[in-house]
Amino acid sequence: MSDPPLHPDTLAVVAGRVPGDAGLSPPIATASTWASNGLDDAHARAVGVRADGFYSRYANPTVRAFEQAIAALEGAEASLASASGMGALASTVFALCSSGDHVVAQRQLYAGTLALLQGPCQRMGIDVTFVDAATPGAFTAAVQPGRTMLVLAESPSNPRLELVDLDELGAIQGPFTLVDATFATPIGQRPLGHGVDLVLHSATKGIAGHNDATLGVVSGERELLDAIWGYAVLHGATPSPFDAHHALRGLRTLPVRYERQCATACTIAAALAGNEALAEVLHPSLPSHPQHELAARQLPSGGTMVALDLRGGRDAARRFLAALRVARVATSLGGPDTLVCHPATSTHASLTPAEQEATGVTEGLLRVSVGLEHPDDLVRDLHAALDAAGHS
Ligand SMILES: *Cc1c(COP(=O)(O)O)cnc(C)c1O
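Residues numbered from 1 in each chain as written. Predicted model: local features only at pLDDT ≥ 70, side-chain atom pairs only at ≥ 80, totals over all residues. Heavy atoms only, no water.

## So, the side chain of Ser91
Move 1: Inspection of the secondary structure assignment puts Ser91 in helix α4 (residues 85-96).
Move 2: For Ser91, a relative accessible area of 1% corresponds to the buried category.
Move 3: Those residues in contact with Ser91 that sit more than four places away from it in its chain are Ile228, Tyr231, Ala232 and His235. (Helix = DSSP H or I, 4+ residues; strand = E, 2+ residues; numbered from the N terminus. Buried < 20%, exposed > 50% of the residue type's maximum accessible area, 1.4 Å probe, protein only. Contact = heavy atoms within 4.5 Å.)

## Side note on the site of the ligand
Move 1: Taken together, the residues surrounding the ligand are Ser84, Gly85, Met86, Tyr110, Glu154, Asp180, Thr182, Phe183, Ser202, Thr204, Lys205 and Leu333.
Move 2: Met86 is positioned with one of its backbone polar atoms (N or O) 2.8 Å from an oxygen atom of the ligand.
Move 3: In the environment of the ligand, an oxygen atom lies 2.8 Å from a nitrogen or oxygen atom belonging to the side chain of Lys205.
Move 4: A total of 380 Å² of accessible area belongs to the ligand in isolation, and the protein chains cover 91% of it.
Move 5: Here the residues of the shell around the ligand sort into four nonpolar, five polar and three charged. (Near = heavy atom within 4 Å. Polar contact = N/O pair within 3.5 Å; in protein donor to acceptor, adjacent residues only side chain to side chain. Areas by Shrake-Rupley, 256 points an atom, 1.4 Å probe, with all protein chains shown as cover. Nonpolar A, V, L, I, M, F, W, Y, C, P; charged D, E, K, R; others polar.)

## A few points about the sheet that holds strand β2 (residues 102-106)
Move 1: Read from one edge of the open sheet, seven strands run β1-β7-β6-β5-β4-β2-β3, paired in mixed fashion. Edge strands, defined here as strands with exactly one partner in the open sheet, are β1 (78-82) and β3 (127-131). The sheet shows a mean angle of 20° between the axes of neighbouring strands, taken without regard to direction.
Move 2: One ladder, built from three bridges, connects strand β5 (residues 176-180) with strand β6 (residues 198-202); its direction is parallel. (Pairing = 2+ DSSP bridges. Axes fitted to C-alpha atoms, helices over the stretch in contact; angles between N-to-C directions.)

## Describing the nonpolar core
Move 1: Leu117, Leu150, Leu152 and Leu198 are the most contacted members of the largest nonpolar core, which totals 33 residues.
Move 2: For this core, the secondary-structure elements that each account for two or more residues are β1, α4, β2, α5 (111-123), β3, β4 (148-154), β6 and α9 (222-235). (Core = buried A, V, L, I, M, F, W, Y, C linked by side-chain atoms within 4.5 Å.)

## What to know about the sheet that holds strand β12 (residues 365-369)
Move 1: Ordered by their spatial adjacency, five strands build an open sheet running β8-β9-β12-β11-β10, and the pairing between neighbours is mixed. Either end of the sheet is taken by a strand with one partner, and the two such strands are β8 (278-282) and β10 (328-329).
Move 2: Across three bridges, the pairing between strand β11 (residues 339-341) and β12 is antiparallel. Note that in β12 the partner of Val340 across the bridge is Val368.
Move 3: Across the face of the sheet, helix α13 (residues 313-323) comes into contact with β9 (305-310), β10, β11 and β12 while running at roughly 125° to β9.

Encoded structure:
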């Protein structure tokens with residue numbers, strides 16, 4: 001009888017160990033190039049797919065250890081790391097899509113992804129249709145058979161924590177399906193288990209988890225990842241072995257950090273729900289979340305992010321941010337510090353007013369990335385900031 005599969009908590013600790021290396025922290029391979037044993041050896045490495053011991057843009061042992069750990073957690077055959085989440089996204093989109101191809105994408109997305117799809121993609125003749133992910137069947141209906149090459153979703157989405165039905169996405173035949181699962185981390189949900197082809201993360205966020213690395217990673221079947229790699233080595237968003245090392249160290253504690261941050265996010269959401277200064281509190285754990293039932297099926301932890309919509313608009317948001325004493329005003333997410341940002345003027349400032357309205361980025365919307373501080377300190381801090389926001 002074979003052993004039962006390891007739990008994610010265990011995989012996060014044991015995956016990505018380098019065979020034969022007894023060190024419990026992997027060496028950082030700083031070499032940009034490696035010496036070969038003559039012409040034939042050098043030739044084999046030069047033409048190999050993701051061959052070791054050739055040149056660091058092609059493959060690096062520290063980066064590989066990180067990739068193998070992520071692949072194990074995702075239940076994927078292979079992973080490919082990039083210098084950032086956007087590096088992973090751009091490499092994937094341009095590896096798979098050519099001029100004349102069509103992409104179906106969610107309307108509510110990380111603003112960098114949206115800008116990539118609206119700017120460079122359109123300029124290169126890649127046509128994009130945006131859909132409302134919360135409408136059942138929207139992705140499937142927008143697919144143009146024979147022309148759509150990629151269906152791109154984000155779940156939970158930035159900034160209003162909209163969920164995509166992963167079973168519905170995974171059932172789409174024809175185009176490649178990709179989920180940016182940054183907000184859920186590989187611990188919160190596993191899109192590949194729902195039949196999705198590719199799962200992508202900005203490892204800058206919860207995976208590395210300490211605000212000290214910039215990295216991206218995409219996972220799926222080996223053959224598909226090899227094809228993306230063939231383009232990624234030319235795109236050149238090559239991950240640094242130092243960042244891969246930081247991200248792998250962060251990954252070891254991701255399950256405990258994630259669990260604690262989710263629990264605190266649920267506490268905060270419940271404590272603030274119904275506050276009269278707020279038009280809306282958004283967290284998948286709340287029965288008021290429009291996709292609460294879907295969340296129970298595919299994101300039972302609820303996630304580490306909370307969105308708050310202040311009644312008083314931008315002025316109230318300004319007062320709220322000025323009154324915070326524990327949480328910090330910053331973009332990014334998934335680190336030890338609780339971070340609050342005002343999407344309309346920061347992460348989503350590049351959107352037109354019409355786009356902001358279409359994606360629910362209101363003037364009063366705040367996005368909270370819940371950290372590792374004591375929940376009581378955070379609830380008190382947020383309540384005090386709400387009091388300040390309510391009084392002009
Ligand atoms: C941050 C983020 C990205 C981009 O990642 P970088 O590492 O900053 O390039 C993409 N998608 C989501 C959901 C993100 O939060």
